[in-house]
Amino acid sequence: MTKSDYCYAWEQRKVSEIADRYDNLRVPVAASERVPGSTPYYGANGIQDYVEGYTHDGEFVLIAEDGANDLKNYPVQYTTGKIWVNNHAHVLQGKEKITDNKFLGFSINATNIESLLVGGGRAKLNAEVMMGIKLLMPSYLEQCRISEFLFNLDNLITLHQGEFFIIYETLIIQFTINVNKKSLP
């Protein structure tokens, strides 16, 4: 890749211009009525359960509508495959050959959503407000390259966090064994 591969101007676009909303397919199911299965059941904050059946099949970006547990780091999820989404998460899909879904997720995740929320005790992101969010968008090809890089970087960080946790746990166990050895008469 050369610098000329990334020289296209970025345009400010509303979410409504670059993505379609599939909230009409969401189906909430009370926990007591869910049939256990292998399909992730998504709510405002991510996977809530695993159920039989699905409401959506494909590549989507889920954004908390209401009930978000962290307003500063607002819940945005990239998903792929068969999923079941309840009525507490908005469902977006980038328009084909216009918007890469991973890039859409990263872009929305980088947006200050808190200032757009309405409501008192239970803050809500209205669909119309969400669709009016303005994002800076490069060409589709550049979106794909950037999102693939960020996705791989995110996976690498997750991998190393897991390795770090294993090392940390091993050190704690070793420390505990050494302390116990020293405290024995």
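Located above this text is the structure these notes cover.
Each value, and the rule that gives it
- As a convention, each chain's residues are numbered from 1 in the sequence order in which they are written.
- Whole-chain, interface and lining totals are the exception, using all residues; otherwise, since this is a predicted model, local features are given only for residues with pLDDT of at least 70 and side-chain atom pairs are given and counted only at 80 or more.
- To obtain the side-chain values, all non-hydrogen atoms of the structure were used and water was disregarded.
- Only protein chains enter the accessibility calculation, which uses a 1.4 Å probe. A residue is then buried if its area is under 20% of the maximum for its type, exposed if over 50%, and partly exposed in between.
- Numbering of helices and strands runs from the N terminus; a helix is a DSSP stretch of H or I covering at least four residues, while a strand is a stretch of E covering at least two.
- As used in this structure description, the phrase polar contact means that two N or O atoms lie within 3.5 Å; if the pair is within protein, one of them must be able to donate a hydrogen and the other to accept it, and residues adjacent in sequence are counted only when both atoms belong to side chains.
- The rule is short: rings of Phe, Tyr and Trp, with Trp giving its six-membered ring, pair when the centres are within 6.5 Å, and they are stacked under 30 degrees, edge-to-face over 60, tilted in between.
- Salt bridge, as applied in this entry: a Lys or Arg side-chain nitrogen positioned within 4 Å of an Asp or Glu carboxyl oxygen.
- Only strands joined by at least two bridges in the DSSP assignment are considered to pair.
- To get an axis, a line is fitted to the C-alpha atoms, and for a helix only the part in contact is used. The angle between two axes follows their N-to-C directions and goes from 0 to 180 degrees.

**Details of helix H2 (residues 101-109)**
Next, step 1: Taking burial as the measure, the nine residues of H2 include seven buried ones, the bulk of the element.
Next, step 2: Capping of H2 at its N-terminal end is provided by aspartate 100; its side-chain oxygen lies 3.3 Å from the backbone amide nitrogen of lysine 102.

**Quick look at unusual backbone geometry**
Next, step 1: Backbone geometry places lysine 97, a non-glycine residue, at a positive phi of 65°.
Next, step 2: With respect to the helices and strands, lysine 97 occurs in the loop between strand S7 (89-94) and H2.
Next, step 3: For lysine 97, a relative accessible area of 59% translates into the label exposed.

**Observations regarding the packing of aromatic side chains**
Next, step 1: Summed over all chains, the structure comprises four aromatic pairs.
Next, step 2: Relative to tryptophan 84, the ring of tyrosine 41 has its centre 6.5 Å away and its plane inclined at 40°; by these criteria the two rings are tilted. Here tyrosine 41 is found in strand S3 (residues 36-43), whereas its partner tryptophan 84 is found in strand S6 (residues 76-85), with 43 residues between them in sequence. For the pair shown, tyrosine 41 and tryptophan 84 are each scored as buried.

**Observations concerning the pattern of salt bridges**
Next, step 1: Per the counting criterion, the structure on display carries 10 salt bridges.
Next, step 2: The salt bridge involving arginine 122 is made with aspartate 66; its shortest N-O contact spans 3.8 Å. On the criterion of sequence distance, the pair formed by arginine 122 in the loop between H2 and helix H3 (127-131) and aspartate 66 in the loop between strand S5 (56-64) and S6 is long-range, its members being 56 residues apart.
Next, step 3: Linking glutamate 148 and lysine 102 is a salt bridge whose minimum nitrogen-to-oxygen distance equals 3.3 Å. Within this pair, whereas glutamate 148 is found in helix H4 (residues 140-183), its partner lysine 102 is found in helix H2, the two being separated by 46 residues in sequence.
Next, step 4: Glutamate 148 gets classed as partly exposed once you look at its relative accessible area, which sits at 36%.
Next, step 5: A single network of salt bridges, built from pairs that share partners, joins Glu11, Arg13 and Glu17.

**A closer look at the sheet that holds S5**
Next, step 1: Spatially, S2-S7-S5-S6-S3-S4 is the arrangement adopted by the six strands of the open sheet, whose pairing is mixed. Bordering the open sheet on either side are strand S2 (19-21) and strand S4 (46-51), each of which pairs with just one other strand. Pairs of neighbouring strands in the sheet enclose a mean axial angle of 40°, with direction left out of account.
Next, step 2: Here three bridges tie S2 to S7, and the two strands are oriented antiparallel to one another. Residue aspartate 20 lies in a different strand from S7, and its bridge partner there is glutamine 93.

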